[in-house]
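Listed here are the chains, written in short residue letters.
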Amino acid sequence: MKFVIAFLLAMLPLASAAQSPSGAASGVPSVAIPKTTEVLVIQTPKQGVTAEQILAVIPAEIRATVRLYLDGKIRQWYSRGDGKGVIFLVDAKTEDEARVLMETLPLAKEQLMDHQYIPVGPLMPLRALVGPGAQP
């Protein structure tokens, strides 16, 4: 068991590289790149946007976000610990799919927020736990 834990810890940097778009370009085998299951969206106010501008739109933003959550489009949502925005885990298979969804929200329509999109999926080194020949 200690070997497995040590192996997984050693593989984490590789897994991080494999999960990034640049990982594929660096020679990481495509089998190490996970299928995107969600997209992490980090939303922060654009440079120069005031709290008053955001607060004017917040009631509509909250209603629209709750609707997306209840429809299963937003799986999880969090406030950033530094108070500089929010983080969503969006049920989307591509960045473009997540972008289309996020652009329906009032703060995005008012062009008050910047969005960073990060596709995420299973941690592929865990496949070593199930052994060779495991189905993808």
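It should be noted that the structure appears before, not after, this text.
The structure presented is a predicted model; accordingly, all values stated were derived computationally and were not measured. (Residues numbered from 1 in each chain as written. Predicted model: local features only at pLDDT ≥ 70, side-chain atom pairs only at ≥ 80, totals over all residues. Heavy atoms only, no water.)

K.L.:
Run through the overall build of the chain, naming residues and quoting values.
P.N.:
Each helix and strand in the chain was counted, giving six helices and four strands. Counting helices and strands in the order they occur from the N terminus, the chain gives α-α-β-α-β-β-α-α-β-α. Within the chain, the proportion of its 136 residues that are buried is 26%. Put simply, of all contacts in the chain between residues at least 6 apart along the chain, 69% involve residues at least 24 apart. Only carbon and sulfur atoms are counted for the fraction: they give 61% of the accessible area of the chain, which is about 8800 Å². (Helix = DSSP H or I, 4+ residues; strand = E, 2+ residues; numbered from the N terminus. Buried < 20%, exposed > 50% of the residue type's maximum accessible area, 1.4 Å probe, protein only. Contact = heavy atoms within 4.5 Å. Areas by Shrake-Rupley, 256 points an atom, 1.4 Å probe, with all protein chains shown as cover.)

K.L.:
Would you mind going over the nonpolar core in detail, with residue names and values included?
P.N.:
Counting 13 residues, the largest nonpolar core has Val 39, Val 41, Phe 88, Val 90, Ala 98, Met 102 and Tyr 117 as its most contacted members. If you list the elements that add at least two residues to this core, you get strand E1 (38–45), helix H3 (51–70), strand E3 (86–90) and helix H4 (95–102). With three residues, H4 is the single largest residue contributor to this core. When near neighbours in sequence (up to four residues on either side) are disregarded, Ala 98 contacts Val 39, Val 41, Val 90, Ala 92 and Tyr 117. Counting residues in hydrophobic clusters, the runner-up holds five residues, among them Ile 54, Leu 107, Leu 112 and Met 113. (Core = buried A, V, L, I, M, F, W, Y, C linked by side-chain atoms within 4.5 Å.)

K.L.:
Give me the pairing of E3: which residues, what numbers.
P.N.:
Where E1 meets E3, five bridges bridge the pair, whose relative direction is antiparallel. Each residue of the ladder has a partner; that of Val 41, found in E3, is Phe 88. Summarising the sheet, strand E2 (residues 74–79) and E3 pair through five bridges and their orientation is antiparallel. Looking at E3, one finds that Gln 76 is bridged to Leu 89. Once E2 ends, the chain turns through six residues before running back antiparallel as E3, passing Gly 83 with a positive phi of about 75°. (Pairing = 2+ DSSP bridges.)

K.L.:
If you had to explain the packing of aromatic side chains to someone new, which residues and values would you point to?
P.N.:
Taken as a whole and judged by the stated rule, the model has two aromatic pairs. Seen in terms of ring centroids, Tyr 69 and Trp 77 are 6.1 Å apart; in terms of plane orientation they differ by 10°. Their pairing is stacked. Exposure remark for Tyr 69: the relative accessible area of 39% places this residue in the partly exposed category. Of the aromatic side chains, those joined through ring pairs into one cluster are Tyr 69, Trp 77 and Phe 88. (Phe/Tyr/Trp six-rings, centres within 6.5 Å; stacked < 30°, edge-to-face > 60°.)

K.L.:
Tell me about unusual backbone geometry, residues and numbers included.
P.N.:
One non-glycine residue, Gln 111, lies in the positive phi region at around 55°. With respect to the helices and strands, Gln 111 occurs in the loop between helix H5 (106–109) and strand E4 (113–120). The class of Gln 111 is exposed, set by a relative accessible area of 58%.

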